[in-house]
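# Structure at a glance
Chain by chain, the residues:
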Amino acid sequence: MRIPLPPVPLPDRLVEVAREFEDGRQVPADPRNAATVILMRPSDQGPEVYYLRRHVSMDFAGGMCVYPGGGVDPRDFDAAVAWAGPPPEAWAARLGCDEETARALVCAAVRETFEESGVLLAGASVDSVVADTTGADWEADRVALESRDLSMTDFLTRRGLVLRTDLLGVWDAWLTPVFEPKRYRTWFFVALLPEGQVTRDVSSESSEVAWIPARVAAEQADAGALALMPPTYLTSMEIGTHASPDEVLEVAASRSVEMFCPAVEPLGSGWTLSMPDRLRPMVAERRRG
C-alpha cells in the first residue's frame, strides 16, 4: 500500500468535510491521549529504528508501519509507581500538559514499549537497567500487562524495579486532524535500546516487525515500499538527519513540545494538510533532491 507523503494534495470532498468541522457544522471526535516511542540503536546508516506493521484489519492505521505505542490506560495515572529520573512536574513542562497527564504519558510510553517490543526501560536502581527480558516469566508479565490483568505499578513493585524515565527523551506531539472519526493526542518519545536487551515480535497488533535505519525508512516510503503515516514519515526523516541515537537523545534533552494538529492549507491550485513549520525546510529540500 502506498500512502501519499507530505505535502499531499487533498481531494475536494475531504476539504469540504474539513471545513464542516472547522465552521461547526460537524463535531470532532474527542481525542484520546497516547504515547509512542522511537526505539533506536546505532548502525552505520545512522539511528536504526524499531517499526511494527499493524494488521491490515485494524480500524486505525491498518497496514501502516508505526513505532511501539498506544493509548493511555487509567492505571497509568497511579502516582505510587516507582519512579526514577525527572519528576512529573518537569515532564509536564516539556510535554505541555499537567503533571497528572505527564506521569501517565511517561508510564504509558514505558508500558507500551514493553508490551509491543519486549523492551523494558526499568531497573533495580536509579542507575541500572534490566539486562534480559526474554524469559518465560517476563513474557507472562508482558501478557498480563497487555491484557490489563496487571498494572505497571504492581509489575514493578513485585520485581523490585523502578521506572527509568530518564532513559526517555521528548521529541514531538501530534493531534489527529479534526475530520478523522478516531483521534489521538500522541506524544512522541525517543529511547535507546538498553544494552543486553533484544526486541521480540510479540505485539498482538502487528503482523511483522523490523529494525530499519530511520533515513532508509523515509526513502522506502518515498519509493512506495513502506507505508508510513505522515507523522511517522516526517519523524523518520528528521531522526534520519542525525548521525547516531546519542545525537538524537542530545537534541531531545533540551526539546519541549506543543501539540500540533494538521489543518487544511493551500497547495498550488489545491489544498493540503499543514505540517510543523520547523519541518518545512527539510521537506522542501528533500523534494528538490
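This section reports on the structure supplied with the text. (Residues numbered from 1 in each chain as written. Predicted model: local features only at pLDDT ≥ 70, side-chain atom pairs only at ≥ 80, totals over all residues. Heavy atoms only, no water.)

### Focus: the overall build of the protein
The test is simple: A run of H or I in DSSP becomes a helix once it reaches four residues, and a run of E becomes a strand once it reaches two; helices and strands are each numbered from the N terminus. Computation of the radius of gyration draws on C-alpha atoms, with the globule rule given as 2.2 Å multiplied by the number of residues to the power 0.38. In what follows, residue pairs with any heavy atoms lying within 4.5 Å of each other are defined as contacts.
Scanning the protein from N- to C-terminus turns up nine helices and twelve strands. Taken over C-alpha atoms, the radius of gyration comes to 19 Å for the protein, in line with the 19 Å a tight globule of 289 residues would show. Its C-alpha atoms give the protein principal-axis dimensions of roughly 60 × 45 × 35 Å. Restricting the contact set of the protein to residue pairs at least 6 apart, pairs at least 24 apart contribute 74%.

### Regarding the nonpolar core
Most often, soluble globular proteins keep nonpolar side chains buried together rather than apart. Applicable threshold: The definition of a nonpolar core used throughout is a set of buried Ala, Val, Leu, Ile, Met, Phe, Trp, Tyr and Cys residues joined through side-chain atoms within 4.5 Å. Per-residue accessibility, obtained with a 1.4 Å probe over protein chains only, is compared with the maximum for each type, and a residue is labelled buried under 20%, exposed over 50%, and partly exposed between these values.
Core analysis: the largest hydrophobic core is formed by 46 residues, its most contacted members being Leu95, Leu120, Phe155, Leu168 and Phe189. Those elements giving two or more residues to this core turn out to be strand E1 (32-41), strand E2 (48-54), helix H2 (88-95), helix H3 (99-117), helix H4 (136-146), helix H5 (152-159), strand E8 (168-175) and strand E9 (184-192). It is H3 that contributes the most residues to this core, nine residues altogether. Core analysis: the second largest hydrophobic core is formed by 29 residues, Ala217, Leu228, Met275 and Met282 among them.

### Focus: the side chain of Thr113
On the secondary structure map, Thr113 appears in helix H3. Residue classification places Thr113 among the buried positions, given a relative accessible area of 0%. Ignoring sequence-local partners within four residues, the contact set of Thr113 consists of Val37, Leu39, Pro68, Gly118 and Val119.

### Focus on the environment of Glu180
Along the chain, Glu180 turns up in the loop between E8 and E9. The class for Glu180 is partly exposed, based on a relative accessible area of 31%. Sequence spacing of Glu180 and Pro31 is 149 residues, and the spatial spacing of their C-alpha atoms is 9.9 Å.

### Section: the environment of Val17
By secondary structure assignment, the location of Val17 is in helix H1 (residues 12-22). For Val17 and Tyr67, which are 50 residues apart along the polypeptide, the C-alpha to C-alpha distance reads 29 Å. Sequence-distant contacts of Val17, that is, excluding residues within four places in its chain, are made with Gln26 and Phe179.

### Examining the pairing of E1
This is how the line gets drawn: Here, any two strands with at least 2 DSSP bridges between them count as paired.
The buried count for E1 comes to eight of ten residues, which makes it a mostly enclosed element. Inspection of the sheet shows E1 paired to strand E4 (residues 69-71) by three bridges, in the antiparallel sense. Each residue of the ladder has a partner; that of Ala35, found in E4, is Gly70. Across two bridges, E1 lies against E2 in antiparallel orientation. Each residue of the ladder has a partner; that of Met40, found in E2, is Val49. Following E1, the chain reverses through six residues before pairing antiparallel with E2; Gly46 in that reversal takes a positive phi of roughly 90°.

### What to know about the packing of aromatic side chains
The way to describe two aromatic rings as a pair is by their centre distance and the angle between their planes. Cut-off, in case you're wondering: Two rings from Phe, Tyr or Trp (for Trp, the six-membered ring) form a pair when their centres sit within 6.5 Å of each other. Planes less than 30 degrees apart are called stacked, planes more than 60 degrees apart edge-to-face, and all others tilted. Think of it as a cone above the ring: NZ of Lys or CZ of Arg counts as a charge over the ring if it is within 6 Å of the ring centre and within 35 degrees of the ring normal.
With the rule as written, the count across this model stands at eight aromatic pairs. Between Phe114 and Trp138, the ring centres sit 6.4 Å apart and the planes meet at 80°, which makes this aromatic pair edge-to-face. With Phe114 in helix H3 and Trp138 in helix H4, this residue pair connects regions lying 24 residues apart in the sequence. Judged on exposure class, the residue Phe114 and its partner Trp138 are both buried. Here Trp138 and Phe155 contribute two aromatic rings whose centre-to-centre distance is 6.2 Å and whose plane-to-plane angle is 80°, an arrangement assigned as edge-to-face. In this pair, Trp138 sits in helix H4 while Phe155 sits in helix H5, placing the two residues 17 residues apart along the sequence. What makes Phe155 buried here is its relative accessible area of 0%. By way of ring pairs, the aromatic residues Tyr51, Tyr67 and Phe188 are connected into one cluster. A cation over an aromatic ring shows up here: Arg19 above the ring of Trp271, its NZ or CZ 4.6 Å from the ring centre.

### Considerations on the environment of Ala210
For Ala210, the position within the fold is in strand E10 (residues 206-213). Here the alpha-carbon distance between Ala210 and Glu139, two residues 71 residues apart in the chain, equals 20 Å. Other than its neighbours up to four places away in sequence, Ala210 contacts Val49, Tyr50 and Tyr51.

### Here we look at the pattern of salt bridges
To keep things clear, this is the line we draw: What makes a salt bridge here is a side-chain nitrogen of Lys or Arg within 4 Å of a carboxyl oxygen of Asp or Glu, nothing more.
Evaluation of the coordinates by the stated rule reveals 24 salt bridges. Here Arg25 ties to Asp23 by a salt bridge, and the two come within 3.0 Å at their closest N and O atoms. Relative accessible area serves as the criterion here: at 52%, Arg25 is assigned to the exposed category. Taking the shortest distance from any N to any O, the salt bridge between Glu219 and Arg215 comes out at 3.2 Å. Highlighted residues: Glu219 and Arg215, both in helix H6 (residues 214-222), separated by four residues, approximately one helical turn. With relative accessibility at 33%, the residue Arg215 sits in the partly exposed group. Beyond isolated ion pairs, a larger network of salt bridges with shared partners links Asp73, Asp76, Arg111, Glu112, Glu115 and Arg148.

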